[in-house]
Amino acid sequence: MTLPAALIATPVDAERAAELRRVKWLATSVLAATLIIFIAAKALLPVHPVFGFIAAFAEAATIGGLADWYAVVALFKRPLGLPIPHTAIIQSNQERIAEKLGEFIENNFLESGPVEAKLREIDFGSFIADWLRDRKRSEDLARFVLRMLPEAFAATESSGLMQFISRRITTQVLAIDLAPLAAGALRGFVQEGKHGGLLDDILRVLHQTLTQQETMTVIRDKVRAEMPTLLRLYRADKFVVNRIIASATKFFEEVRNDPQHPFRGEFDRMLLSFVDRLGSDKAFADRIDGLKRDLMARPELANLGRTIWANVKDFIERSASGESQVLQHQLARMFVEAGDALHGDAELRGEINQGLVAILRTVVAEQKSGVSSFIADQMKSWDMEQLLQLIEVNVGKDLQYIRFNGSLIGGLAGLALYTLEYVLRLL
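About the thresholds
- Residues numbered from 1 in each chain as written.
- Predicted model: local features only at pLDDT ≥ 70, side-chain atom pairs only at ≥ 80, totals over all residues.
- Heavy atoms only, no water.
- Helix = DSSP H or I, 4+ residues; strand = E, 2+ residues; numbered from the N terminus.
- Buried < 20%, exposed > 50% of the residue type's maximum accessible area, 1.4 Å probe, protein only.
- Contact = heavy atoms within 4.5 Å.
- Areas by Shrake-Rupley, 256 points an atom, 1.4 Å probe, with all protein chains shown as cover.
- Phe/Tyr/Trp six-rings, centres within 6.5 Å; stacked < 30°, edge-to-face > 60°.

Draft legend 1. Structural detail: the overall build of the chain. For the chain, the helix and strand inventory stands at 19 helices and zero strands. Looking at the chain as a whole, 26% of its 427 residues qualify as buried. By sequence separation, contacts in the chain at least 24 residues apart represent 71% of the contacts at least 6 residues apart. Total accessible area computed for the chain in this model is approximately 27900 Å², and 63% of it derives from carbon and sulfur atoms.

Below, the structure is given as structure tokens:
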């Protein structure tokens, strides 16, 4: 039988096919030889009794060789083309073999225990770290990411995803109750003592403002307007303003230089009282919520978002086109640094390995039935003639040796039985 060129395309396959033909020819020659020896021995039996032993051996060897030839051929096709039952076994049971093979792989190769054990032998974290630490690979990855980003931006815009994300962000922001958050932040600010520096800054600003000539002029005009006309003649307004400024300056310096000044305690109580009201007073909460809604409704905020998006998109497109190499170099460096960090962090690598094992184990567990069905369906769709030829090329040589063994064992069995019969006749 001539094998298809597709099956013997490689030198190894061609060598196997030639070896198969050689072994087939030898097995057939042995069968023919035993038959010829049997006929010759039977003809020479009157000459000497030893030819009886030879004939018995050859006869049984011929029968054994024929039986094993039949068994080997019956696996692949019908012997001599005859419709003998239980022959062409592989062809007749293609669907059942396919189903059983898929089931066998599912139950023995894709079970969670063996799969997990095999996955745990793989150090995914080290592989990722070593891959990223290679500068060329990181640069290739950076270029790939940059090529994909413009398409991702375009798809995001055309699919309406940006509007969805914008609505979701707006909804989430509006759902946040800012009053408790602000109260908690201020309480922590006070408890950590950071408000003391704030008070000093406020006092410093107040002092600077009061001592400015413009401010003093305004205050003097206000005081002068409230004074009687007689006092204005003696320029009492200037004296009053100077005293006010001097007293305020002295007060500010005392508070700033004395950490235990009573005013600081009053300031603390004022802040804590405000914090308590901010966290519990609904009026404060409603006011903050209104400010938040007004801010989110401002068109300037939407315009700012669109401007930022457009600038980022333009920068990405220029980077992807090669006009700018800044982002690519930054991405490549980021990937390399990530690989170095991962290489030096055994705990993180362990977490990555554990996470990937869990993910892949779940994927295999969920898809193993599909893999089994895929294998079975593929086997059912195969060209059986080519499949049989492929099997024969790879295992046919070993099957042909069954014919040699059948002739030898059959001949020895026949010789033993003839010897026993001969001995019994002598007795």
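Draft legend 2. Here's a closer look at the side chain of Thr34. With respect to the helices and strands, Thr34 occurs in helix α1 (residues 11–43). We classify Thr34 as buried; its relative accessible area is 9%. Ignoring any residue separated from it by four or fewer positions in sequence, one finds Thr34 in contact with Ala58, Ala61 and Thr62.

Draft legend 3. Structural context of the packing of aromatic side chains. Throughout the structure, instances matching the rule amount to four aromatic pairs. Judged by centre distance (5.0 Å) and plane angle (85°), the rings of Phe53 and Tyr418 are edge-to-face. Note that Phe53 is positioned in helix α2 (residues 50–76) and Tyr418 in helix α19 (residues 384–426), a separation of 365 residues in sequence. We classify Tyr418 as buried; its relative accessible area is 17%. Ring pairs connect the aromatic residues Phe53, Tyr418 and Tyr422, which therefore count as one cluster.

All quantities given are derived from atomic positions and should not be read as evidence of function.
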